[in-house]
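# Remarks on the overall topology
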Amino acid sequence: MASITIRNLDDEVKELLRRLAAENDRSMEEQARVMIRAAVEGQLGSAGRIDQIEQTLRELASARALATPAVVGKIPPRGLSGKRILLIIGGGIAAYKALDLIRRLRERGAAVRVVMTSAAQEFVTTLSAGALSADHVFTELFDRNDEHDVGHIRLSREADLLVVAPATADLMAKLANGHANDLASTVLIATDKPVLMAPAMNPRMWTHPATRRNRATLQKDGVTFVGPARGEMAESNEAGEGRMAEPLEIVAAIEALLDVGPKPLSGRKIIVTSGPTHEPIDPVRYIANRSSGKQGHAIAAALARLGADVHLVSGPVGIADPAGVKTIHVERAQEMRDAVEQLLPADAAVFVAAVADWRTENSAGEKIKKVAGEGPPVLRMVENPDILAGVGHHSQRPGLVIGFAAETQDLLRNAEAKLKKKGADLIVANDVSQGSGVGSSGVMGGDRNRVRIVSKAGVEEWPEMSKDDVAARLAALIAERLKTIVV
Ligand SMILES: Cc1cc2nc3c(=O)[nH]c(=O)nc-3n(C[C@H](O)[C@H](O)[C@H](O)COP(=O)(O)O)c2cc1C
């Protein structure tokens, strides 16, 4: 092959090549050759090759942007070192997120081998998946000319776990009914390894009785699911359940399934609350708040990764139940209180939920009608139970009680007062005002957080970081504290 002058490439492509080359332990010239050879030797269709190379570079650049570690300079722990993941990418709009997933898994030390369905190749190129996984991408069941062909049985034998992301309605239907008419479905039915599916589809497809039946069958057959979550769909004006779980949620589910990493919390029962509460006004209206549940769910997942038996009591949220956690869904503060009390005794409790302080005294049995000349209804409010204080002073109080204080003013003074009044050991204080300067969308609903840990010993300031990183650090702190508390 003729020599390649890297100097003549533009900066964006050069930077991309430099990173890929470093990751794959190749020179930049070698990396460029691997990519070009793959393009020329048929991983790309014969039509529109230049377009596809351009698309591939764009996909790789965006996977790189998505995967930039949340805390600059912080390398994620290599908790999946030595693990082999076979990732099956199905044909859905969320296929682009599978590219980010490959990178997240490799950052953690996993070897990733990719199978793509022919529909998946309509959404992302095999070249992107191949460059990110640093391996050949497998697409054909019958491919006698393919020097890389290792056969469907070997693909499954050489993996510790099979992950389907996005899992299309079609792939779920095929596996639930035993079809094996392409490489992906044949590998899935030929495996004796655990299978994790991350479904992604239009909400109507997800709620269709056929998909529900298939999901129930697959669960009975031992397939584990992560997601889908509720939220906006790629199609305009569509919202509901069907969004693929985020790559980091899938990584968490993989870690839980493979049971990797130290387990300092094994044998410990921990209760976590998360999300908002909805306090009904009438059957169609309610009082709520902007809590997304992201921080509470991340804490539950981080505690489960350290081996805790986690019971998550979640208000109504649009995100997936965390993997490896027992989740109880509630709506109102009173239901949350009852669920938490029923879970006692426990070793620790972390109250992250943004529980409404007040509810309407009596919610109307029928929708309140607008009556001409009568003016708006007057809502009489009464106080909700204080769940944190209730548990902080309970006869079965857990050894470690942690509350969250979301404040818009006098953050520290309010957190310190809360610590005393509620009988908590620690208060995690965060400034949820719009002007807090955290992330682009603020703390509530956003992906980042800046917290202070308030205890009798004083105040510890943590820098701004992703909610996942806050969760991991808090879980480590809880493990440390519980070491001194004998069961
Ligand atoms: C633009 C477009 C987007 C699609 N998105 C999805 C999706 O998100 N989820 C899904 O299950 N099917 C989706 N489909 C349908 C699948 O691509 C189709 O069922 C295909 O046969 C799936 O093949 P596979 O399961 O072998 O990947 C989409 C189709 C099109 C044209």
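Residues numbered from 1 in each chain as written. Predicted model: local features only at pLDDT ≥ 70, side-chain atom pairs only at ≥ 80, totals over all residues.

### Digging into the overall build of the protein
- For the protein, the helix and strand inventory stands at 16 helices and 22 strands.
- Put simply, the protein has 487 residues, and 44% of those count as buried.
- The contacts in the protein between residues at least 6 apart in sequence include a share of 70% that link residues at least 24 apart. (Helix = DSSP H or I, 4+ residues; strand = E, 2+ residues; numbered from the N terminus. Buried ≥ 20, exposed ≤ 12 C-beta atoms within 10 Å, placed from the backbone. Contact = placed C-beta atoms within 7 Å.)

### Description of the site of the ligand
- Taken together, 15 residues sit near the ligand, with G91, G92, T117, A119 and T168 positioned nearest.
- The element best represented in the shell around the ligand is helix 7 (residues 169-176), accounting for three residues.
- Classifying every residue of the shell around the ligand gives nine nonpolar, five polar and one charged. (Near = placed C-beta within 6 Å. Nonpolar A, V, L, I, M, F, W, Y, C, P; charged D, E, K, R; others polar.)

### Considerations on the nonpolar core
- Counting residues in each nonpolar core, the largest one holds 130 residues, and the members touching the most others are L87, A165, I299 and L303.
- A domain-level breakdown of this core finds at least three residues from each of domain 1 (9-258) and domain 2 (269-361 + 378-483).
- In this view, I299 contacts V272, V350, V352, A471, L474 and A475; residues no more than four positions away in its chain are not counted. (Core = buried A, V, L, I, M, F, W, Y, C linked by C-beta atoms within 7 Å. Domains from an automatic or database assignment.)

### Comments concerning the packing of helix 4 (residues 95-107) against helix 5 (residues 126-133)
- Their axes nearest at 9 Å, the elements helix 4 and helix 5 cross at an angle of 10°. If you check the angle between helix 4 and helix 5, you find them roughly parallel. For the pair helix 4 and helix 5, the contacting residues are L99, I102 and R103 in the first and S128, A129, L132 and S133 in the second.
- Among the residues forming the contact of helix 4 with helix 5, the class breakdown is four nonpolar, two polar and one charged. (Axes fitted to C-alpha atoms, helices over the stretch in contact; angles between N-to-C directions. Parallel < 35°, antiparallel > 145°, perpendicular 65-115°, else oblique.)

### Brief notes about the environment of H278
- Of note, H278 is situated in the loop between strand 9 (269-274) and strand 10 (279-280).
- For H278, a count of 20 C-beta atoms within 10 Å translates into the label buried.
- C-alpha separation for the pair H278 and A356, spaced 78 residues apart in sequence, amounts to 7.7 Å.
- Excluding anything up to four places from it in sequence, H278 contacts Y286, A288, G315, P316, E331 and R332.

### Focus on the sheet that holds strand 9
- Taking strand neighbours across the sheet as the criterion, the eight strands line up as 13-12-9-14-17-18-20-21 in an open arrangement whose pairing is mixed. Of all the strands in the sheet, just strand 13 (326-329) and strand 21 (458-461) have a single pairing partner and so form its edges. Strand-to-strand, the axes of this sheet are offset by a mean angle of 15°, without reference to chain direction.
- In terms of strand pairing, strand 14 (residues 348-351) meets strand 17 (residues 400-407) through four bridges, oriented parallel. Directly across from A348, in strand 17, lies its bridge partner L400. (Pairing = 2+ DSSP bridges.)

### Thoughts on the confidence of the model for the protein
- On average, residues of the protein score 85 in pLDDT, and 82% of them are at 70 or above.
- In the model, residues 42-48 has pLDDT below 50 throughout and makes ten contacts with residues more than four positions away in sequence or in other chains.
- Counting interchain partners and residues more than four positions distant, the pLDDT-below-50 stretch residues 66-75 has 13 contacts. (pLDDT = per-residue confidence, 0-100.)

### Notes on the pairing of strand 4 (residues 161-167)
- Counting buried residues in strand 4 gives seven out of seven residues, a clear majority hidden from the surface.
- As judged from the four bridges shared by strand 1 (residues 84-89) and strand 4, these two strands associate in the parallel manner. In the strand pairing of strand 4, L86 is matched with L162.
- The sheet contact formed by strand 4 and strand 5 (residues 195-199) spans four bridges and is parallel. Across the sheet, residue A167 finds its bridge partner in strand 5, namely P199.

### Observations regarding the packing of helix 7 against helix 10 (residues 209-220)
- Interaxial distance between helix 7 and helix 10 falls to 9 Å at its minimum, and their mutual angle equals 50°. One way to sum up the angle between helix 7 and helix 10 is to call them oblique. Handedness of the helix 7/helix 10 crossing: left-handed. Packed against helix 7, whose contacting residues are A169, M172, A173, L175 and A176, the element helix 10 presents A210, T211, N214, R215, T217 and L218 at the interface. (Left-handed = near helix turned anticlockwise from the far one by under 90°.)

### Details of helix 5
- With eight of eight residues buried, helix 5 lies mostly within the body of the structure.
- Buried within helix 5 are the following residues: T126, L127, S128, A129, G130, A131, L132 and S133.
- Positive backbone phi, approximately 55°, marks A134, located one or two places after helix 5.

### Quick word on unusual backbone geometry
- Backbone torsion omega between A165 and P166 reads -5°, so that peptide bond is classified as cis.
- Secondary-structure assignment places P166 in strand 4.
- Of note, the bond from L344 into P345 is cis; its omega dihedral lies within 30 degrees of zero at 0°.
- The topology assignment puts P345 in the loop between helix 13 (333-343) and strand 14.
- Of note in this structure, A134 is not a glycine but carries a positive phi near 55°.
- Tracing the sequence through the fold places A134 in the loop between helix 5 and strand 3 (137-138).

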